[in-house]
Amino acid sequence: MVTKQELKGLPEDADLRRADSLAREVFSDVANKWALLIIEALGERTLRFGELRKEVEGVSHKMLTQNLRTLERDGLVDRKVYPTVPPRVEYTLTAPGRALRATVDAMCDWTQRYLTHIEDARGRFDA
């Protein structure tokens, strides 16, 4: 997180420390497990809702819908509806979504790299 000095000249909405800032709202939108997994699953490809649900194991229809709507609202996911019967809907990451994916990939790599360490720490803590 940046310091108050580094925030000078930026709008108040850019300060993650402020409870009422847009930055914190966006951070909350993307920093949840489903949003991160959706971003990772989409990657560089376009997926339909059902395909995305298969990729993100354990996500309910409701949670997938809510998170996709939020990511679309924030401009990170593009939703394209084709006028067919039944309607075909596809989801793709936008340029900002793809930029965020680099961070998500790094978080996934970190998780895999330190998984054994975390498992060991939990074993000691829970003992």
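The structure this text deals with has already been given above.
Residues numbered from 1 in each chain as written. Predicted model: local features only at pLDDT ≥ 70, side-chain atom pairs only at ≥ 80, totals over all residues. Heavy atoms only, no water.

Strand order in the open sheet formed by three strands is β1-β3-β2, and the pairing between neighbours is antiparallel. At either margin of the open sheet sits one strand with a lone partner, and together these are β1 (47–48) and β2 (77–82). (Pairing = 2+ DSSP bridges. Helix = DSSP H or I, 4+ residues; strand = E, 2+ residues; numbered from the N terminus.)

As a further point, take the packing of helix α3 (residues 33–42) against helix α6 (residues 95–126). For the pair α3 and α6, the least separation of the axes is 9 Å and the interaxial angle reads 105°. With respect to their mutual orientation, α3 and α6 come out roughly perpendicular. For the pair formed by α3 and α6, the contact residues are Leu36, Ile39 and Glu40 on the first element and Gly97, Leu100, Arg101, Val104, Asp105, Met107 and Cys108 on the second. Partitioned by chemical class, the residues of the contact of α3 with α6 number six nonpolar, one polar and three charged. (Axes fitted to C-alpha atoms, helices over the stretch in contact; angles between N-to-C directions. Parallel < 35°, antiparallel > 145°, perpendicular 65-115°, else oblique. Contact = heavy atoms within 4.5 Å. Nonpolar A, V, L, I, M, F, W, Y, C, P; charged D, E, K, R; others polar.)

With respect to the helices and strands, Leu100 occurs in helix α6. For the pair Leu100 and Leu36, spaced 64 residues apart in the sequence, the C-alpha separation amounts to 9.4 Å. Apart from the residues within four sequence positions on either side, Leu100 is in contact with Val30, Ile39 and Leu76.

A few words now on unusual backbone geometry. Following Val85, the chain continues to Pro86 via a peptide bond in cis, the omega torsion being -5°. In this fold, Pro86 is placed in the loop between β2 and β3 (88–93).

By themselves, these are just geometric observations and shouldn't be taken as functional.
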